[in-house]
Amino acid sequence: MKNEKYNIAIIGAGAAGMIAAGHAAELGSRVVLLEKNQHAGRKLLITGKGRCNITNADNDLRRMISMFGKNGRFLHHAFGRFSNKDVVEFFENHGLRTKVERGMRVFPASDNAQKVVDCLMKYLKDNNADVKFGSPVEKIITSINSRNKTRIEKVVLRNGEEIIADNFLFASGGKSYPRTGSTGDAYKWLKQIGHTVIEPNPALTPIIVRENVVKQLAGLVLKNVEISLWQTRKLDSRFGEALFTDNGLSGPIVLDLSKNIGKNMADGLKIRIDFKPTLDYPTLHRRIQRDLDEQNNRHFKNSLNKLLPMKLIPVIIELSGIKEDKKANEVTKIERKRLAQLLKCFELSVKGLVGFEAAIITSGGVDLKEVDRKTMKSKVIDNLYFAGEILDIDGPTGGYNLQVAWSTGYLAGAMNFGSEDS
Ligand SMILES: Cc1cc2nc3c(=O)[nH]c(=O)nc-3n(C[C@H](O)[C@H](O)[C@H](O)COP(=O)(O)OP(=O)(O)OC[C@H]3O[C@@H](n4cnc5c(N)ncnc54)[C@H](O)[C@@H]3O)c2cc1C
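Conventions we followed
- Residues numbered from 1 in each chain as written.
- Predicted model: local features only at pLDDT ≥ 70, side-chain atom pairs only at ≥ 80, totals over all residues.
- Heavy atoms only, no water.
- Helix = DSSP H or I, 4+ residues; strand = E, 2+ residues; numbered from the N terminus.
- Buried < 20%, exposed > 50% of the residue type's maximum accessible area, 1.4 Å probe, protein only.
- Areas by Shrake-Rupley, 256 points an atom, 1.4 Å probe, with all protein chains shown as cover.
- Lys, Arg positive; Asp, Glu negative; His and termini not counted.
- Charge placed at Lys NZ, Arg CZ, Asp CG, Glu CD.
- Domains from an automatic or database assignment.
- Contact = heavy atoms within 4.5 Å.
- Buried area = accessible area lost by both parts, 1.4 Å probe.
- Right-handed = clockwise from strand over helix to strand, strands pointing away.
- Phe/Tyr/Trp six-rings, centres within 6.5 Å; stacked < 30°, edge-to-face > 60°.
- Lys NZ or Arg CZ within 6 Å of the ring centre and 35° of its normal.
- Salt bridge = Lys/Arg side-chain N within 4 Å of Asp/Glu carboxyl O.
- Core = buried A, V, L, I, M, F, W, Y, C linked by side-chain atoms within 4.5 Å.
- Expected span 1.5 Å × (residues − 1).
- Arc of directions from axis to C-beta.
- Pairing = 2+ DSSP bridges.
- Axes fitted to C-alpha atoms, helices over the stretch in contact; angles between N-to-C directions.
- Polar contact = N/O pair within 3.5 Å; in protein donor to acceptor, adjacent residues only side chain to side chain.

1. A look at the overall build of the chain
- When helices and strands are counted, the chain shows 13 helices and 20 strands.
- For the chain, the proportion of its 422 residues judged to be buried stands at 55%.
- When the accessible surface of the chain is totalled, it reaches about 19100 Å², and 47% of it is carbon and sulfur.
- Seen as two clouds, the 64 positive and the 48 negative side-chain charges of the chain have centres 3 Å apart.

2. Topic: the domain arrangement of the chain
- What the domain assignment lists for the chain is domain 1 (5–202 + 360–417) and domain 2 (206–354).
- Here domain 1 and domain 2 have C-alpha centroids that lie 40 Å from each other.
- Facing eight residues of domain 1, the contacting portion of domain 2 comprises six residues.
- Surface buried jointly by domain 1 and domain 2 totals about 520 Å² across both partners, of which 47% is contributed by carbon and sulfur atoms.

3. Digging into the pairing of strand β1 (residues 5–11)
- Buried residues dominate β1, accounting for five of its seven residues.
- Crossover connection from β1 via helix α1 (residues 15–26) to parallel strand β2 (residues 31–34): handedness right-handed.

4. Points about the packing of aromatic side chains
- Here the structure, examined in full by the defined rule, presents eleven aromatic pairs.
- Judged by centre distance (5.9 Å) and plane angle (80°), the ring pair of Phe68 and Phe79 falls under edge-to-face. Linking Phe68 in the loop between α3 (61–66) and α4 (76–81) with Phe79 in helix α4, this pair joins segments that are eleven residues apart in sequence. Like Phe79, Phe68 is buried.
- The ring of Phe107 carries Arg51 above its face, with NZ or CZ at 3.9 Å from the centroid.
- One Lys or Arg, Arg272, reaches over the ring of Trp230 and ends 4.2 Å from the middle of that ring.

5. Comments concerning the side chain of Lys276
- Along the polypeptide, Lys276 turns up in the loop between β15 (270–274) and α10 (281–295).
- Comment: no salt bridge for buried Lys276; closest opposite-charge side chain is Asp291, at 7.9 Å.
- In contact with Lys276, other than residues within four places in its own chain, are Leu284, Leu307, Leu343 and Lys344.

6. Concerning the nonpolar core
- The biggest cluster of nonpolar side chains holds 80 residues, and the ones touching the most others in it are Phe91, Phe170, Leu190, Leu391 and Trp406.
- When sequence neighbours within four positions are dropped, the list of residues in contact with Leu190 reads Phe170, His195, Val197, Val366, Leu384, Phe386 and Ile390.
- Ranked by size, the runner-up nonpolar core spans 44 residues in total, among them Leu220, Leu292, Ile313 and Ala328.

7. So, α10
- In a regular helix each residue adds 1.5 Å, so 15 residues correspond to 21 Å; α10 covers 21 Å between its end C-alpha atoms and thus fits that length.
- Burial in α10 covers these residues: Leu284, His285, Arg287, Ile288, Asp291, Leu292 and Gln295. Down the axis of α10, the sector holding all buried residues measures 160°, keeping them to one side.
- Each element contacted by the buried residues of α10 is listed here: α12 (333–344).

8. Regarding the sheet that holds strand β11 (residues 207–209)
- Reading around the circumference, β11-β14-β13-β12-β15-β16 is the order of the six strands in this closed barrel, with antiparallel pairing throughout. Across this sheet, the average inter-strand angle for adjacent strands is 45°, counted without regard to direction.
- Note: β11 against strand β16 (residues 346–353), three bridges, orientation antiparallel. Directly across from Ile208, in β16, lies its bridge partner Gly352.

9. Some points on the side chain of Ser258
- Relative to the assigned elements, Ser258 resides in the loop between α9 (252–257) and β15.
- Here Thr205 takes part through its backbone nitrogen, which lies 3.1 Å from a polar atom of the side chain of Ser258.
- Aside from chain neighbours lying at most four places away, what touches Ser258 is Leu204, Thr205, Ile207 and Leu353.

10. Some thoughts on helix α7 (residues 185–192)
- Along α7, the residues classified as buried are Asp185, Ala186, Tyr187, Trp189 and Leu190.
- Of the surrounding elements, those touching the buried residues of α7 are β1, β7 (137–144), β9 (162–170), β10 (197–203), β17 (361–366) and β20 (384–386).
- Gly194, located one to two residues past α7, shows a positive phi value of around 100°.

11. Thoughts on the pattern of salt bridges
- Applying the stated criterion across every chain, the model contains 24 salt bridges.
- Put simply, Arg151 and Glu153 hold a salt bridge, and the shortest N to O gap is 3.5 Å.
- Residue classification places Glu153 among the partly exposed positions, given a relative accessible area of 32%.
- Through salt bridges with shared partners, a single network forms among Arg287, Arg290, Asp291, Glu294 and Lys306.

Structure below.
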C-alpha cells in the first residue's frame, strides 16, 4: 500500500512529537504524526501524578541547563530558542492557564494533565497536522543519496502501510514506563543505520531496600524530610517529599537520589531518613521530653501522636526497644536519646533499583555527538531528526525533562525553515 508524500513524518505522539508536529505544521510543512497507541500523550497523562509538571520556572537558564550534568551543554541552543518562559507563554496563548508551585514547578491551573494533551491536540488540529493513531512503525527503509549519504526513504507501519516523507523525526521516547508505548523501538533501527546509542538505563527510579519493615509503612507519604545516601561517606542528600512503597522508597527526593546508585554499585549502600531535619539533636530531645511530660500517665505508645504520623509510630516503638505500655513519664533519658537517634537517622540498606517499568526517565539514548544541537538533525543520516527522551539527556524531577521534550521538539519542528539564530 502506498501513500501520499509528506514533508515531515514524526514517529511518536508524546510531548516532543506533538509540539514538533504542531510547530512544523504551523510553519507550513505537510506533517504526519504516527503514534502506536490509540491516543496521544499516554505518558504525559501520568506525569506529575496526573497533574503534569510542564516545566520549571527557574529564570536562570544556565542554572537550569546545569541540572542536566555535562550533557546539558547540548541544550543551550534549544533552550534559547524555546525556553521555559516560552513554554508557559505557548500554553497560556493556547488556552491553558498555568500556575507555579514550590520548587518553581509549573502545572496547569486545572491540575489536570489531560488539559495539556487536549491543548496540544487542538494545536495539531488547528494547523492541519495529519495524526495517525494505532500506527506502530515497524520498519524503516533507507537508501543512499547522490552525496553517498544514507537517508530514510520511508517507514512501514504494522499494517504494511508505507509512509514516505522528505524528512523524518524520531520522537519515540526512551524505554521507561513501557506500558505507555515507550518501548525503545527506535534504538534497534538507529544501530542498524549507523547511529551510536548510549546504553539505555532506567533513571529516576524508586529504590528497593532490604528491610521488610517498609511493607508496614507502604503508602506513607513523608513531607519535609531529609534523606541521605551513604557509602562510608555521605554521597548525596535531599530535602522534601518521599513515600514508602511495598519494598522500599519512592517520591521526588528518592527518585533524584537514585541517580547515584549505578547498577554495579557495591554493597553497603545505606539510606538515612531524618524525619525531623529542622530540629537538631538537643532540640528534638527537648521536644520529645516535653511531649512525654505532657502525656504524663498515658502509655508511651499513645504519646507520639503529635510528633509522628500514625503509621510510623508502631515501627518506631518497636525499633526503639521501649516497652509500649510503659508510662510516658517513665521513659528514661537513655531511651529518649535512642528515640531521637531513630528519628534523626532511620537507616535502611539499599538492595537495588526498580527497573524501566517504574523509571521516570531513561538515561542513555542517541549519542549527542551525532546530533546537530542547533537543528536536532542527525549527523549520520541525511534526513533524520530527533527530539525528546530518545536523546542521551536526562534531568532531575521538577519539570526539567518535559522542558527537554518541548525545546528539542519545537526546534526540530522548524527543520524546513532553518534555525533563525543559528
Ligand atoms: C510516571 C512519570 C511521571 C513523570 N512526570 C514528569 C513531570 O511531571 N515533569 C517532567 O518534566 N517530566 C516527567 N516525566 C518524564 C516525561 O514524561 C518524559 O521525559 C517525556 O514525556 C518524554 O517525552 P517524549 O515525547 O520524548 O517521549 P514519550 O512521552 O515517551 O512519547 C513517545 C511516544 O512515541 C510512541 N512510540 C514509541 N515507539 C513507537 C513506534 N514504533 N511507532 C509509533 N509510535 C511509537 C509512544 O507510544 C509514545 O506515545 C515523567 C515520567 C513518568 C514515567
